[in-house]
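Here's the letter readout for the chains.
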Amino acid sequence: MRSIVLLMTALAVIGLAVWAYRENYRTQNMIGQTAEVQREIGAARERLSVLRAEWAYLNRPDRLRDLAELNFDSLQLLPLRPDQFGKVDQVTYPPLESDLEIDGIVDVSSAESYP
């Protein structure tokens, strides 16, 4: 009886050792993959910052103005003037076609359900 208990204990220890060994290597593999993803994220952020700097450089107002003047014959672009902008009160909104009339105060905090 004692030998069966010792054998079962030894098999349990061996089984747990194999499980721990496999989990250790899976964990190490995941740590490596995580580090690789972190490196890729860092590289992508670096590329993004370079692209943003290039975008800001290419969209400088003086450069765009020079390009517009250089390509005036084909694009017919004119500089913006203040009188080309409208005012808010000049905007025509569609009429409200609602039959809903609100008289008084409406309590929206109640828990009643409405049909």
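The structure we're discussing is the one just above.
Here is what the cut-offs are and how they apply
Residues numbered from 1 in each chain as written. Predicted model: local features only at pLDDT ≥ 70, side-chain atom pairs only at ≥ 80, totals over all residues. Heavy atoms only, no water. Helix = DSSP H or I, 4+ residues; strand = E, 2+ residues; numbered from the N terminus. Areas by Shrake-Rupley, 256 points an atom, 1.4 Å probe, with all protein chains shown as cover. Patch = residues over 30% accessible without salt bridge, like charges linked within 9 Å, V, L, I, M, F, W, Y side chains within 5 Å. Salt bridge = Lys/Arg side-chain N within 4 Å of Asp/Glu carboxyl O. Buried < 20%, exposed > 50% of the residue type's maximum accessible area, 1.4 Å probe, protein only. Phe/Tyr/Trp six-rings, centres within 6.5 Å; stacked < 30°, edge-to-face > 60°. Lys NZ or Arg CZ within 6 Å of the ring centre and 35° of its normal.

**Points about the overall build of the protein chain**
Logical step 1: Secondary structure assignment for the protein chain yields 3 helices and 0 strands.
Logical step 2: Counting from the amino terminus, helix and strand elements in the protein chain follow one another as α-α-α.
Logical step 3: Surface summary for the protein chain: the accessible area is close to 11,700 Å², and the carbon and sulfur share equals 62%.

**Looking at a nonpolar patch on the surface**
Logical step 1: Taken together, the side chains of Ile4, Leu7, Met8, Leu11, Ile14 and Val18 define a hydrophobic patch exposed on the protein surface, amounting to about 590 Å² of accessible area.
Logical step 2: Within the fold, Val18 resides in helix H1 (residues 2-58).
Logical step 3: Its relative accessible area of 44% is what places Val18 among the partly exposed residues.

**Concerning the packing of aromatic side chains**
Logical step 1: Counted by the stated rule, this structure contains 1 aromatic pair.
Logical step 2: Against the face of Tyr57 rests Arg60, its NZ or CZ located 4.2 Å from the ring centre.

**Here's the deal with the pattern of salt bridges**
Side chains that carry opposite charge are capable of pairing whenever their charged atoms lie near each other.
Logical step 1: Following the criterion strictly, the structure yields 4 salt bridges and no others.
Logical step 2: The residue Glu36 makes a salt bridge to Arg39 at a minimum N-O spacing of 2.8 Å. You can see Glu36 and its partner Arg39 sitting in helix H1, 3 residues apart, about one turn around the helix.
Logical step 3: Note on Glu36: relative accessible area 34%, which makes it partly exposed.

**A look at unusual backbone geometry**
Logical step 1: One non-glycine residue with positive phi stands out, namely Gln76, at about 60 degrees.
Logical step 2: Mapped onto the elements, Gln76 comes out in the segment after helix H3 (72-75).

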